[in-house]
Amino acid sequence: MYSEVLPYALAGILAVVGLYLIVSLASRGSKRARARWTWWEVLVYLGVLGSVTVLAATSFIEVLRVGTLHGWMLFLHMCGAGAFVAVLPLVAITWCEPSRFCLTGTGLSVTDRGPAPRFFGVSKLMFWMLLVSGFVVTMTMILSMLPLFGTDGLETLLAVHRYAGLVAVAAVALHLATVLMQRVKLA
Ligand code: HEM
């Protein structure tokens, strides 16, 4: 079932990212200044991009090729998983403040008051989506290692893991697109 859904889901992610890029390039774009990234922020961001790329490539390629993850690809998936589990709390600490939504008189909105912000609407949303899905993707596998669930429970956890992983990949892809668009528009 998952291997049948996966190509459509990946095509959907590509379509959404492509649509976002086209719409943002066609629109006039925001001229609001953004704060410059520090070397630490760049490092943490590259950590997320690198680990999610390894996790997505190893799992998706194997699922599409043979239908399941095993052997060296599973080993590489676990290497990416180690990096991801280490980097996720760092991302949470580093980016949660600039990704905060602010309540104003008109309701939920982004603020441009105070020091120059780093992120706006879609980037902020994708950040929180990555945190939640990243937490789920990690906890499903950690719980699977504990002697708590039977076969049905483990299969359910793996199913949740697969779909939460897809959401995490979508969040990272769209977040990267927003960051790239910010760069292009400021150039
Ligand atoms: C963006 C992040 C991730 C994505 C996209 C992802 C994707 C996947 C997918 C699609 C599978 C299923 C392969 C199959 O059906 O055989 C899988 C399996 C697995 N993943 Fe992940 N994963 C991610 C993160 C993680 C993390 C953080 C861990 C460890 C904490 C992890 C550990 C595992 C393990 C051990 C399996 C094999 C489970 C089994 O076959 O019983 N993954 N992953």
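Heads up: these notes are all about the structure in this document. Treat the numbers as computed from the prediction; the structure is a model and nothing was measured. (Residues numbered from 1 in each chain as written. Predicted model: local features only at pLDDT ≥ 70, side-chain atom pairs only at ≥ 80, totals over all residues.)

This part takes up the overall build of the protein. Summing up its helical and strand segments, the protein has five helices and two strands in all. The order of helices and strands in the protein, counted from the N terminus, is α-α-α-β-β-α-α. Of all 187 residues assigned to the protein, the portion counted as buried reaches 21%. A separation threshold of at least 6 residues defines the contact pool for the protein, and within that pool the share at least 24 residues apart is 74%. (Helix = DSSP H or I, 4+ residues; strand = E, 2+ residues; numbered from the N terminus. Buried ≥ 20, exposed ≤ 12 C-beta atoms within 10 Å, placed from the backbone. Contact = placed C-beta atoms within 7 Å.)

This part covers the site of the ligand. Surrounding the ligand, one finds 22 residues, the nearest of these being Ser59, Thr68, Leu69, Ala81 and Gly165. Going through the elements one at a time, helix H2 (39–66), helix H3 (71–95), helix H4 (121–144) and helix H5 (151–186) are the ones with two or more residues in the shell around the ligand. Looking at the shell around the ligand, the element that brings in the most residues is H5, giving six residues. Grouping the constituent residues of the shell around the ligand by class yields 15 nonpolar, six polar and one charged. (Near = placed C-beta within 6 Å. Nonpolar A, V, L, I, M, F, W, Y, C, P; charged D, E, K, R; others polar.)

Moving on, we come to the packing of H3 against H4. At a minimum axis distance of 11 Å, the contact between H3 and H4 shows a crossing angle of 150°. Considered as vectors, H3 and H4 are oriented roughly antiparallel to each other. As for the relative orientation of H3 and H4, their crossing is left-handed in sense. Of H4, the residues touching H3 (which contributes Val85, Leu88, Ala92 and Trp95) are Phe127, Leu131, Gly134 and Thr138. Partitioning the contact of H3 with H4 into residue classes produces six nonpolar, two polar and no charged. (Axes fitted to C-alpha atoms, helices over the stretch in contact; angles between N-to-C directions. Parallel < 35°, antiparallel > 145°, perpendicular 65-115°, else oblique. Left-handed = near helix turned anticlockwise from the far one by under 90°.)

Before going further, it helps to spend a moment on the nonpolar core. Val52, Ala168, Ala171 and Val172 are the most contacted members of the largest nonpolar core, which has 23 residues in total. Of all elements in the fold, only H2, H3, H4 and H5 reach the threshold of two or more residues within this core. Examining the composition of this core, we find that nine residues originate from one element, H5, more than from any other. Among residues more than four places away in sequence, those in contact with Ala168 are Val52, Leu130, Ser133, Gly134 and Val137. (Core = buried A, V, L, I, M, F, W, Y, C linked by C-beta atoms within 7 Å.)

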